[in-house]
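So you can see what is in the structure, the chains are spelled out below.
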Amino acid sequence: MSVLTREIRLQIMLKSAELKLVDNWRFLKRMPSRASAVRELLRRGLVAEGFQQAEEGAHSKDFGLSSELTSPKKRPRVN
């Protein structure tokens, strides 16, 4: 019997286009699994954004992956 090093499971729902983006990134970076790729993307995002909390009243639909890529005008610029 194996011992879990991560004890909390997080399940998310993705559109097929979002999953394809994650998988493409995963294979490009040679990540061993989707879970490890998602953990790395979360880590990178939190570091890049300074561990920002969502504003009160924000909805999960406001935080998709593929919609940001299809409408870059709405994306905030990083200096």
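Residues numbered from 1 in each chain as written. Predicted model: local features only at pLDDT ≥ 70, side-chain atom pairs only at ≥ 80, totals over all residues. Heavy atoms only, no water.

S.K.: Just to check I follow, could you spell out the packing of helix α1 (residues 16-28) against helix α2 (residues 34-49) for this structure?
M.R.: To characterise two packed helices, one gives the angle between the axes of the helices and the distance between these axes. The interhelical angle for the contact between α1 and α2, taken along N-to-C directions, is 95 degrees, at an axis separation of 10 Å. Our classification of the angle between α1 and α2 gives roughly perpendicular. Residue-level contacts link Leu19, Val22, Asp23, Trp25 and Arg26 of α1 to Arg34, Ala37, Val38, Glu40, Leu41 and Arg44 of α2. Here the contact of α1 with α2 is built from residues that sort into 6 nonpolar, no polar and 5 charged. (Axes fitted to C-alpha atoms, helices over the stretch in contact; angles between N-to-C directions. Helix = DSSP H or I, 4+ residues; strand = E, 2+ residues; numbered from the N terminus. Parallel < 35°, antiparallel > 145°, perpendicular 65-115°, else oblique. Contact = heavy atoms within 4.5 Å. Nonpolar A, V, L, I, M, F, W, Y, C, P; charged D, E, K, R; others polar.)

S.K.: Would you explain α2 in this entry?
M.R.: Side chains three or four residues apart in an α-helix point the same way, a direct result of the helix having 3.6 residues per turn. Across its 16 residues, α2 extends 22 Å between first and last C-alpha, which sits within 8% of the 22 Å expected from 1.5 Å per residue. Looking at α2, one finds that the buried residues are Ser36, Ala37 and Glu40. Across the axial projection of α2, the buried residues extend over an arc of 100 degrees, all falling on one side. Those residues of α2 that are buried lie in contact with α1. Within two residues after α2, Gly50 carries a phi angle of roughly 70 degrees, on the positive side. (Expected span 1.5 Å × (residues − 1). Buried < 20%, exposed > 50% of the residue type's maximum accessible area, 1.4 Å probe, protein only. Arc of directions from axis to C-beta.)

S.K.: In this structure, what is going on with the pattern of salt bridges? I would like to understand it.
M.R.: Oppositely charged side chains are able to pair whenever their charged atoms sit close together. Inspection of every chain in the model, using the stated rule, returns 3 salt bridges. Where salt bridges share partners, they join Glu40, Arg43 and Arg44 into one cluster. (Salt bridge = Lys/Arg side-chain N within 4 Å of Asp/Glu carboxyl O.)

Read these as geometric descriptors, not functional statements.
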